[in-house]
Structure formats: C-alpha cells, structure tokens
Amino acid sequence: MRCFKNIAQLIRTKRMNHPKGYSQSELSHLLGYKNGQFISNVERALCNIPLKMLRKVSEVLDIPAEELKAAILKDQEETLNNYLYNIKPSKKEKAEVQTTAHVATYGATGTDGI
C-alpha cells in the first residue's frame, strides 16, 4: 500500500500554522488548482504533491526543501517496506481506503506525483 502520511502531515501542519492561515481552497488556488479538493486529498494522505509542484509548495508554505524531501523519502521508504515485506494495512487504513474509494483520479497530478 502506498504511503503519503508524512507529506500529508507536513503540508497540513505548515498550512495551518502559516502566518496567513491558508484554507485548503486558498492554498489549492495559489498552486494553480481550481478548488480545495487537491489539498484536501493530500492532507488525507490519498495522494502526493506532484514533483513539478514541490518548489511552489515550498515557497508558498515556507517549507525548507530538505524538509519536503525528507517527508517524501520517508513515505517512499514506508511504501517500499509495505510491498517488500508484504505489510498489511491496519483495519483503520482499510476503512479509510474503502471510504475514499469513490474519489476520482486527479487530472492535475496524473499520477501520485512520483
């Protein structure tokens, strides 16, 4: 199972603690998306930030590049461990996936951003 929880937590924390106090919708618009759904999906760990958007996210939320990189690498490591060692998702994670299964793929990202 893909892991996006570290980048999700970082984006949510930085957005909420930012001096401008951006809403999900405001941040999405600043990044060039039409509504707040993209940031909502990122913060719920349903998808990753596309690589082409990392610099913009870093600038808008004042996140050091190394901090973004560390969160993404940690998510990648967890994803690899999940697949290599066949780690099963918890019941809570399964329920979250089933609850959000209706979420459409994102034209803005095309993929999970990696």
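Provided above is the structure to which this section pertains.
The present account deals with the structure reproduced in this document. No experiment lies behind these values; they were computed from the predicted model shown. (Residues numbered from 1 in each chain as written. Predicted model: local features only at pLDDT ≥ 70, side-chain atom pairs only at ≥ 80, totals over all residues. Heavy atoms only, no water.)

All right, on to the overall build of the protein then. Scanning the protein from N- to C-terminus turns up 6 helices and 0 strands. For the protein, the α and β elements follow one another from N to C terminus as α-α-α-α-α-α. Considering the protein as a whole, with its 114 residues, one finds that 38% of them fall into the buried category. For the protein, restricting intrachain contacts to residue pairs at least 6 apart in sequence, the fraction spanning at least 24 positions comes to 69%. Surface summary for the protein: the accessible area is close to 7200 Å², and the carbon and sulfur share equals 55%. (Helix = DSSP H or I, 4+ residues; strand = E, 2+ residues; numbered from the N terminus. Buried < 20%, exposed > 50% of the residue type's maximum accessible area, 1.4 Å probe, protein only. Contact = heavy atoms within 4.5 Å. Areas by Shrake-Rupley, 256 points an atom, 1.4 Å probe, with all protein chains shown as cover.)

On the secondary structure map, E26 appears in helix 2 (residues 24-30). When the C-alpha positions of E26 and I39 are compared, they lie 9.4 Å apart, and in sequence the two are 13 residues distant. One polar contact links the side chain of E26 to the main-chain amide nitrogen of S23, over a distance of 2.7 Å. (Polar contact = N/O pair within 3.5 Å; in protein donor to acceptor, adjacent residues only side chain to side chain.)

The final tally for this structure, using the stated rule, is 4 salt bridges. A salt bridge links K5 to E78; the nearest nitrogen and oxygen atoms lie 3.2 Å apart. Taken as a pair, K5 in helix 1 (residues 5-17) and E78 in helix 5 (residues 65-84) lie far apart in primary sequence, 73 residues in all. Under the relative-accessibility criterion, K5 is labelled partly exposed at 46%. A salt bridge links K14 to E67, with the nearest nitrogen and oxygen atoms 3.6 Å apart. In this pair, K14 sits in helix 1 while E67 sits in helix 5, placing the two residues 53 residues apart along the sequence. (Salt bridge = Lys/Arg side-chain N within 4 Å of Asp/Glu carboxyl O.)

With that settled, the discussion passes to the nonpolar core. Judged by nonpolar contacts, the single largest core of 22 residues is most densely connected at I7, I11, L27, L31 and I49. Those elements that provide at least two residues to this core are helix 1, helix 3 (37-43), helix 4 (54-61) and helix 5. A per-element tally of this core places helix 4 first, with 4 residues. When neighbours within four sequence positions are excluded, I11 is seen to be in contact with L27, V42, E43, I49, V57, L61, I63 and L68. (Core = buried A, V, L, I, M, F, W, Y, C linked by side-chain atoms within 4.5 Å.)

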